[in-house]
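The primary structure of each chain is shown beneath.
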Amino acid sequence: MHQNISSTEHPESGKGVPIAPRWGTADDKGSGGHGGRSPPKRSTKFLELINVAKTFTADGRRVEVLEKVSLEIPRNQFVSVIGHSGCGKSTLLTMIAGLEAPTSGSVCFLEREVTRPGPERAVVFQNHSLLPWRTVLANVQLAVDTVFPKLSRKDRRERAEHWLVKVGLKEHLHKYPHEISGGMKQRTGIARALAMEPQVLLLDEPFGALDALTRSTLQDEVLRLHQEQHLTVFMVTHDIDEAVLCSDRVVMMDNGPRATIGRILDITEPRPRERVAFMESQAFAHYRTECLRFLFWRKHGREPEPVVKAVQVQAASTASLAIAG
Amino acid sequence: MHLLERAAITCDRLGFSWIAPLLRLARGDRPSHQIRLFLLAVGTPLLAITAALLIWLALATQVRIGNLAIPGPTAVWDRGVEMVVEWQDERRRAAEHEAMIAKAVADGLTQAEARQMLNFTEKSTFASQVLLSLRTVFTGVFMAVLIAVPLGILCGLFKWAHALSDPLVQLLKPVSPLAWFPVVYIVMNALITTPSQSGDWFPKSFIIAACVVCLCAMWPTLISTANGVANVERDHLNVARVLNLGFFARIRFVILPAALPHICTGIRLSLGIGWMVLIAAEMMAVSPGLGGFIWNWYQSSNETALSYLLLSVIVIGMIGFALDRAMIIVQRMISHGAAAQIR
Ligand SMILES: Nc1ncnc2c1ncn2[C@@H]1O[C@H](COP(=O)(O)OP(=O)(O)O)[C@@H](O)[C@H]1O
Ligand SMILES: [Mg+2]
């Protein structure tokens, strides 16, 4: 379905790779019929990370966090990133957002290098980051007002309310962030991001602090919005089930320092997904195991299997795995 | 929620913790508990004040230093009453004067003519001196805030601004108002060449005292503002960046509201310092404010002088306390959620 971009393999990790791995290079164009559906025009790449590296310098110490991260995300794809904590997932997300610049390599959005943040790449931050001196409505209103200054006052107000109603906060418009629950705060954060009418939604462990019930409700909501608004979603998470349930691709990060993409797992389950049915299916169990195995191996310092293998799963879905740097 | 309970919560939040039990008592919420709370909140300060008064009374009646009699609480109380009576008399005199002018105008004179004929100068009373002092301190602190907040924002936003200003701030911060006074006095004398008139809204002594207050009081606001601005949460700044807010929109919608509690703390400290500095500044400027009042009694050889001086000490203390309380209330009103705990 997604043109096997993810299954591009490159032979070896680390030094000595002559050509940096690039997703969706010219070669891929030929492999059009692969996914069964004729591919959309690939001439413009939607979102692309090219050989991105990031080094922080704090108090004279250099921390090389990420290295040689290359990834292409087509429009409307839902990509999750998992990896051990501290491996640089958030760093990757902030670079896509434009909040941090890569030390080398580049992030390209619609063929143009990302140099600064913008409302077309909205971020939902890990700890909601609502402005505590503004009501729920006023928080969303600020986004609408700054992104759509040309609309009339009334239209802007309606828009802000529209998004809050969409995430189920109709009753809480005039409350302050400290007066609502964690789930509601996160909903407000999502409403604020969506109110910018972004093309890409960047989620940094959006549901990490929530109880399981709230979390699953919000996952369903994000999935619905992804379909409805034709969003491209890039989600950092530490919840494997969440990653498998929501994503078209799960990107697994190596451990830091100098982390890179260890493996990419395609989730070919069609959408809309039936939560319970999918989670009970064998395919789900398979995907889940793959992720777990990867994380286990990474944690215990052993390499995952050195060969690319395609696993046939009963539920008529194929998982293509790739081992990258 | 019940209206009384809501009022009680508001009282608690604003620091009137002694009113809240009364409101809850009126609602019938665990009466004995509320009475205990009320007694605790009101009784302890009352007890302390009573004890202090008793000790003062004992000292005044028992102790003599040479031939100096220490005025007791009753003597000072009498002075207070005297001041109130004086103030009321003056009000009555002013009202009578206005009535006479009205009569003259009714008899066919113009306002200006009538005023010129029936010359009247309001005598300065203790109350008018207190009001003038308050006006001076508010003017001085207002000027301080006008200068310190923008500078503080600059210092909080830009490292270079902080690096440039920090040595100067550290150097000027500890300078006493007594050191500032002559400088301000000479500069203002050169600046303002028209002689000040008694009816002036801004007499020279007022301006000088206000400037000294401003110079001494601006530092806490400056430092607090810079701290508040420099410590705005990274996430909130990132929100501003994702929204592509411009420089001024960022300051208006994110930085100022986030730093507001800090700014308020700074202003509260500034007001406290300003009030302390004011008395010294007024004494030296011979302003007709509280400082002037103290200066006059200090200069007089009247044997009741000490009771007037003690009265002004008490009034200064009470006003300072009231100003601080008022600022705490403002601070609590503008802070949200977790920030509601004010030190
Ligand atoms: N601004 C920064 N300055 C210095 N080091 C940083 C900064 N941000 C992140 N790091 C370091 O980068 C590494 C990755 O951080 P992060 O991307 O937050 O990891 P993750 O989100 O995967 O848990 C961590 O070791 C962290 O200490
Ligand atoms: Mg993180």
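For every chain, the first residue of the written sequence is number 1, and numbering continues from 1 onward in sequence order. Each chain takes a letter, starting from A, and each ligand takes a number, starting from 1, following the order in which they are written. For a predicted model such as this one, the threshold for reporting local features is a pLDDT of at least 70, and the threshold for listing and counting side-chain atom pairs is 80 or more; totals across whole chains, interfaces and linings nevertheless cover every residue. As a rule here, side-chain values cover all heavy atoms of the structure and leave hydrogens and water aside.

I tried to follow the pairing of strand S4 (residues 104-109) of chain A on my own but got confused; where do I start?
The two faces of the sheet receive side chains in turn, since in a regular strand these alternate between them. Residue and element names in this part refer to chain A. Pairing between two strands is assigned when DSSP locates at least 2 bridges connecting them. Elements are defined by DSSP. Helices are runs of H or I of four residues or more, strands are runs of E of two residues or more, and each kind is numbered from the N terminus. Where strand S1 (residues 47-58) and S4 come together, 5 bridges link them in antiparallel fashion. Across the sheet, the residue bridging to Ile 50 is Ser 106, located in S4. Linking two consecutive strands that pair antiparallel, namely S4 and strand S5 (residues 112-113), is a turn of 2 residues; a positive phi of about 50° is found at Leu 110 within it.

Got a minute to help me understand the sheet that holds S4 of chain A in this structure?
Pairing between sheet strands relies on hydrogen bonds along the backbone, with the strands arranged either parallel or antiparallel. All names here are of chain A. Ordered by their spatial adjacency, 4 strands build an open sheet running S2-S1-S4-S5, and the pairing between neighbours is antiparallel. A strand with exactly one partner marks an edge of an open sheet, and here the two such strands are strand S2 (61-73) and S5. With 2 bridges connecting them, S4 and S5 associate as antiparallel partners. Bridge pairing links Cys 108 to Glu 113 in S5. For this analysis, residues touch if any pair of their heavy atoms sits within 4.5 Å. For every element, the axis is a line fit to its C-alpha atoms; helices are fit only across the contacting stretch, and the angle between N-to-C directions ranges from 0 to 180 degrees. Relative to S1, helix H2 (residues 89-97) is tilted by about 115°, and along the sheet it contacts S1, S2 and S4.

Teacher, can you tell me more about the side chain of Arg 156 of chain A here?
All names here are of chain A. Position of Arg 156 among the secondary structure elements: in helix H4 (residues 153-166). Exposed residues in this analysis have more than 50% of their type's maximum accessible area, buried residues have under 20%, and partly exposed residues fall in between, with area computed by a 1.4 Å probe over protein chains only. Judged by its relative accessible area of 16%, Arg 156 falls in the buried class. Ignoring anything within four residues of it in the chain, the contact list for Arg 156 reads Gln 141, Val 144, Asp 145, Phe 148, Pro 149 and Leu 151.

Please explain a nonpolar patch on the surface as it appears in this structure.
All names here are of chain B. Only residues above 30% relative accessible area that lack a salt bridge enter a patch, with like-charged residues linked at up to 9 Å and the nonpolar side chains Val, Leu, Ile, Met, Phe, Trp and Tyr linked at up to 5 Å. Throughout, the Shrake-Rupley method with a 1.4 Å probe supplies accessible areas, and for residues the shown protein chains are the sole cover considered. Should a side-chain nitrogen of Lys or Arg be within 4 Å of a carboxyl oxygen of Asp or Glu, the pair is scored as a salt bridge. A surface patch of nonpolar side chains, about 430 Å² in accessible area, is lined by Ile 55, Leu 59, Val 63, Ile 65 and Leu 68. As for its placement among the helices and strands, Val 63 is situated in the loop between helix H3 (31-62) and strand S1 (64-65). For Val 63, a relative accessible area of 32% translates into the label partly exposed.

Any chance you could explain the site of ligand 1 here in plain terms?
Residues and elements named next belong to chain A. Summary of the distance rule: residues count as near a molecule or strand when at least one heavy atom falls within 4 Å of that molecule or strand. As a structural note, the neighbourhood of ligand 1 is formed by Phe 56, Val 65, Ser 85, Gly 86, Cys 87, Gly 88, Lys 89, Ser 90 and Thr 91. Definition of a polar contact: a pair of N or O atoms within 3.5 Å, with one able to donate and the other able to accept a hydrogen when the atoms are protein atoms, and with sequence-neighbouring residues admitted only if both atoms are side-chain atoms. At 2.7 Å, a backbone N or O of Gly 86 approaches an oxygen atom of ligand 1. Note that an oxygen atom of ligand 1 is positioned 3.3 Å from one of the backbone N or O atoms of Cys 87. Alone, ligand 1 offers 560 Å² of accessible surface; in the complex the protein occludes 62% of this. Broken down by element, the residue count for the shell around ligand 1 peaks at 3 residues, all from H2.

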